[in-house]
Amino acid sequence: DAKTTQPTSMDCAEGRAANLPCNHSTISGNEYVYWYRQIHSQGPQYIIHGLKNNETNEMASLIITEDRKSSTLILPHATLRDTAVYYCIVRVAWSGGGADGLTFGKGTHLIIQP
Amino acid sequence: GAVVSQHPSWVICKSGTSVKIECRSLDFQATTMFWYRQFPKQSLMLMATSNEGSKATYEQGVEKDKFLINHASLTLSTLTVTSAHPEDSSFYICSARSGSRYNEQFFGPGTRLTVL
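Bear in mind that the values here come from a model prediction, so they are computed numbers and not experimental data.

Engineer: So what's going on with the sheet that holds strand β7 (residues 67-73) of chain B? Which residues, and what values?
Structural biologist: Residue and element names in this part refer to chain B. The sheet built from 4 strands is open, its strands ordered β1-β3-β8-β7 with antiparallel pairing. Of all strands in the sheet, those with a lone pairing partner are β1 (4-7) and β7, marking the two edges. Shown here is a sheet whose adjacent strand axes are inclined to one another by a mean of 15°, direction ignored. Note that β7 and strand β8 (residues 76-81) share 5 bridges and pair antiparallel. Directly across from S73, in β8, lies its bridge partner L76.

Engineer: Go over the interface of chain B and chain A, please, and point to the residues and values.
Structural biologist: Each side of the interface is counted separately: chain B has 20 residues, and chain A has 20 residues. Overall, the association of chain B and chain A removes approximately 1,700 Å² of surface from exposure, summing both partners, and the carbon and sulfur fraction of that is 55%. Connecting chain B to chain A are 0 salt bridges. Linking chain B to chain A there are 5 residue pairs in polar contact (both at pLDDT 80 or more). Within the residue set of the side of chain B that touches chain A, elements represented by two or more residues are β4 (32-38), β9 (90-97) and β10 (105-107) of chain B. Counted by class, the side of chain B that touches chain A contains 10 nonpolar, 6 polar and 4 charged residues.

Engineer: Explain the pattern of salt bridges to me, and be specific about the residues and the numbers.
Structural biologist: In this structure the tally under the stated criterion is 3 salt bridges over all chains. The salt bridge involving D82 of chain A is made with R37 of chain A; its shortest N-O contact spans 2.8 Å. Of this pair, D82 of chain A sits in the loop between β7 (70-75) and β8 (84-92) while R37 of chain A sits in strand β3 (residues 31-38), and the two are 45 residues apart along the sequence. Look at D82 of chain A and you get buried, because its relative accessible area is 13%. Given the relative accessible area of 10%, R37 of chain A is considered buried. Between K66 of chain B and D88 of chain B there is a salt bridge; the shortest N-O distance is 2.8 Å. A residue pair is termed long-range when its members are at least 10 positions apart, and K66 of chain B in the loop between β6 (57-58) and β7 and D88 of chain B in the loop between β8 and β9 qualify at 22 residues. One exposure class covers both K66 of chain B and D88 of chain B, and it is buried.

Engineer: Pulling in residues and values, what's your account of the state of the cysteines?
Structural biologist: Tallied over the entire structure, the rule returns 2 disulfides over all chains. Covalently, C22 of chain A is tied to C88 of chain A through a disulfide, its sulfur atoms 2.1 Å apart. Around the S-S axis, the bridge from C22 of chain A to C88 of chain A shows a dihedral of about -80° and counts as left-handed. Placement of C22 of chain A in strand β2 (residues 18-23) and of C88 of chain A in strand β8 is noted, with a sequence separation of 66 residues between them. For the pair C22 of chain A and C88 of chain A, one class covers both residues: buried. Disulfide pairing is shown between C23 of chain B and C94 of chain B; the S-S distance is 2.0 Å. Where C23 of chain B bonds to C94 of chain B through sulfur, the torsion about that S-S bond is close to 80°, and the disulfide is right-handed. A residue pair is termed long-range when its members are at least 10 positions apart, and C23 of chain B in strand β3 (residues 19-25) and C94 of chain B in strand β9 qualify at 71 residues.

What counts, and at which threshold
- Residues numbered from 1 in each chain as written.
- Chains lettered and ligands numbered in written order.
- Predicted model: local features only at pLDDT ≥ 70, side-chain atom pairs only at ≥ 80, totals over all residues.
- Heavy atoms only, no water.
- Pairing = 2+ DSSP bridges.
- Helix = DSSP H or I, 4+ residues; strand = E, 2+ residues; numbered from the N terminus.
- Axes fitted to C-alpha atoms, helices over the stretch in contact; angles between N-to-C directions.
- Contact = heavy atoms within 4.5 Å.
- Buried area = accessible area lost by both parts, 1.4 Å probe.
- Salt bridge = Lys/Arg side-chain N within 4 Å of Asp/Glu carboxyl O.
- Polar contact = N/O pair within 3.5 Å; in protein donor to acceptor, adjacent residues only side chain to side chain.
- Nonpolar A, V, L, I, M, F, W, Y, C, P; charged D, E, K, R; others polar.
- Buried < 20%, exposed > 50% of the residue type's maximum accessible area, 1.4 Å probe, protein only.
- Disulfide = S-S within 2.5 Å.

As C-alpha cells, this is what we get:
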C-alpha cells in the first residue's frame, strides 16, 4: 500500500468547511484513496473513497488532484460531532483474496471549535 | 452503511483467564473479517484476518495460540484472548469487508479489555 502523509492536527470552527489534506505521491494506478474517521473510544467509520474523480456523499466530498498525488477530504459544514481522528488510506480495492486488512497511519486529529 | 456489532463492549478480567469477544455483521454476509488492536494514543494495528470456514491469517508478531480466532459463519467471528495478562489490555476492534468491488470495511464499536 502506498504511504500517506497527513498533518497531525487541525482546528476548524463549527459551521465552517473542514478541509483535510493527504499526500500520497507514490500512489499506483490501481490504488484507491479511502478515508475513515475514528471518534474517541469508538470503532473507525468509513467515510468515502475515490480513484481519480471527485466524489461526494452524504458525509463528505473527496477531491483528488489530477496527478493523484494528493487529495482533500471536505466536511462542508463541520459540527462538534465531527471531532475525530481522520485517516487517509491508499490501497488497491481488491487484492483477490490476499491480505486486505487496513494499514492505519497516525491520521489527522480534527478538532471542531464552538 | 453496513452494521457490525461487537460483544461485549467492555470487559474486566483477572490475569490468567480467557476472554471471548464476538463480532457480528448484522445486515450483510462477511466472508472475511479483520481483528485490530489499539493501545492508548496509538493507531489501530491489524492482528489477523478471519476467513469463514478456514484458518485465520495472523500478522507478524501476533501469537496465534494466544489469540484464537473462529469464523464459524458468514456473520460471526470470535476472538478469544487466552491466558490474558495485563499487557493484553487494549481496545479490540473488528471489521467486516463489504463484499463490494470497492472493498470498503465496516467496523464494530470496539471492545475495551482490561486485565487486572
